[in-house]
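Here is what each chain is made of, one letter per residue.
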Amino acid sequence: MLWLIFLAFCALGTVQHFLFVPLGRPRWLLWLLPVSESPWEHYKLAFWPLGGALCLTGALIGVTPATILWAWLQGAAHGFCTMLGIYCFYRMGLGVKKPVLWADILNYYITMYFGWKVGLRALWQSPAPILALPAALALGACALFFVSAAVLPPENYPMFLEETKNGRDQRTGTS
């Protein structure tokens, strides 16, 4: 059952990648959908599905909301480090000049797998209820940052750069 939940949410994250442009670039979904090919925007593909999978699993096994929030934060934090760590290693550490599709896809599934494992472990622990507040604040800060990073011009840092092959801005569809 747990692996079915995991695989369903991995598939959801994969579908999430391809929705922004076909849906007409909806500004009200900037927090959820990747709006460019930057590594930061791709982290949304792990953050939201991991959170959804851990929330569903936590509800099914009957843990407290504090435990669910703490598990999501742990899984998301681990996922963030994994996704950007792998990306930076192969791009900057190995000197790969352009994104490699198979490496980026593998990176996503590695990120999801290890974030899921960390989050599941956290679901079986019973953190102090007081940890729900900092976990909720940290997760909310990530969600707000998703929106602000999506509407501001891309920064000249590797994790925020848009790497489109056609030179078009996916957010607006302009060159």
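Residues numbered from 1 in each chain as written. Predicted model: local features only at pLDDT ≥ 70, side-chain atom pairs only at ≥ 80, totals over all residues. Heavy atoms only, no water.

Caption draft 1: Fine view of the overall build of the protein. For the protein, the helix and strand inventory stands at six helices and zero strands. Counted from the first residue to the last, the protein has its helices and strands arranged as α-α-α-α-α-α. For the protein, the proportion of its 175 residues judged to be buried stands at 40%. Intrachain contacts of the protein at a sequence separation of at least 6 include 72% that bridge at least 24 residues. Roughly 9,400 Å² of accessible area belongs to the protein as shown, and the carbon and sulfur atoms make up 73% of that amount. (Helix = DSSP H or I, 4+ residues; strand = E, 2+ residues; numbered from the N terminus. Buried < 20%, exposed > 50% of the residue type's maximum accessible area, 1.4 Å probe, protein only. Contact = heavy atoms within 4.5 Å. Areas by Shrake-Rupley, 256 points an atom, 1.4 Å probe, with all protein chains shown as cover.)

Caption draft 2: Focus on a nonpolar patch on the surface. A contiguous nonpolar surface patch, about 560 Å² in accessible area, is contributed by Met1, Leu56, Leu60, Ile61 and Trp124. Following the sequence through the fold, Met1 ends up in the segment before helix H1 (2-17). Met1 gets classed as exposed once you look at its relative accessible area, which sits at 67%. (Patch = residues over 30% accessible without salt bridge, like charges linked within 9 Å, V, L, I, M, F, W, Y side chains within 5 Å. Salt bridge = Lys/Arg side-chain N within 4 Å of Asp/Glu carboxyl O.)

Caption draft 3: Local environment of helix H5 (residues 101-123). For H5, which comprises 23 residues, the first-to-last C-alpha distance of 33 Å matches the rise-based estimate of 33 Å (1.5 Å per residue) to within 8%. Looking at H5, one finds that the buried residues are Ala103, Asn107, Tyr108, Thr111, Met112, Gly115, Trp116, Val118, Gly119, Leu120, Ala122 and Leu123. (Expected span 1.5 Å × (residues − 1).)

Caption draft 4: Focus on the environment of Ala66. Along the chain, Ala66 falls in helix H4 (residues 65-93). Leave out the neighbours within four places in its chain, and Ala66 touches Pro127, Pro129 and Ala132.

Caption draft 5: Representation of the pattern of salt bridges within the structure. Per the stated rule, a full pass over the model turns up one salt bridge. Here Lys44 makes a salt bridge to Glu41, at a shortest N to O gap of 2.6 Å. Judged on exposure class, the residue Lys44 and its partner Glu41 are both buried.

Caption draft 6: Region of the structure containing the packing of H1 against H5. Where H1 contacts H5, the two axes come as close as 11 Å, and the packing angle between them is 140°. In terms of their interaxial angle, H1 and H5 are classed as oblique. Note on packing geometry: the crossing formed by H1 with H5 is right-handed. When H1 is examined against H5, the residues Leu2, Trp3, Ile5, Phe6, Phe9, Cys10, Gly13 and Thr14 are found in contact with a partner set consisting of Tyr108, Tyr109, Met112, Tyr113, Trp116, Lys117 and Leu120. Among the residues forming the contact of H1 with H5, the class breakdown is 12 nonpolar, two polar and one charged. (Axes fitted to C-alpha atoms, helices over the stretch in contact; angles between N-to-C directions. Parallel < 35°, antiparallel > 145°, perpendicular 65-115°, else oblique. Left-handed = near helix turned anticlockwise from the far one by under 90°. Nonpolar A, V, L, I, M, F, W, Y, C, P; charged D, E, K, R; others polar.)

Caption draft 7: Expanded view of the environment of Thr57. Within the element layout of this structure, Thr57 appears in helix H3 (residues 44-61). With relative accessibility at 1%, the residue Thr57 sits in the buried group. For Thr57, the contacting residues outside a window of four places in its chain are Leu2, Ile5, Trp116, Leu120 and Leu123.

Caption draft 8: Spatial organisation of the side chain of Gln16. Residue position: Gln16 is located in helix H1. You can call Gln16 buried: its relative accessible area is 5%. Those residues in contact with Gln16, other than ones at most four positions away along the chain, are Leu32, Leu33, Pro34, Lys44, Leu45, Trp48 and Pro49.

Caption draft 9: How the structure looks around the nonpolar core. Of all hydrophobic cores here, the largest spans 30 residues; its most connected members are Tyr43, Phe47, Met112 and Trp116. Breaking this core down by element, the ones donating at least two residues are H1, H3, H4, H5 and helix H6 (132-151). Looking at which element gives the most residues to this core, the answer is H3, with seven residues. Apart from the residues lying within four places of it in its own chain, the contact partners of Met112 are Phe6, Phe9, Cys10, Leu45, Ala46, Pro49 and Leu50. Counting residues in hydrophobic clusters, the runner-up holds six residues, among them Phe20, Leu33, Val35 and Ala150. (Core = buried A, V, L, I, M, F, W, Y, C linked by side-chain atoms within 4.5 Å.)

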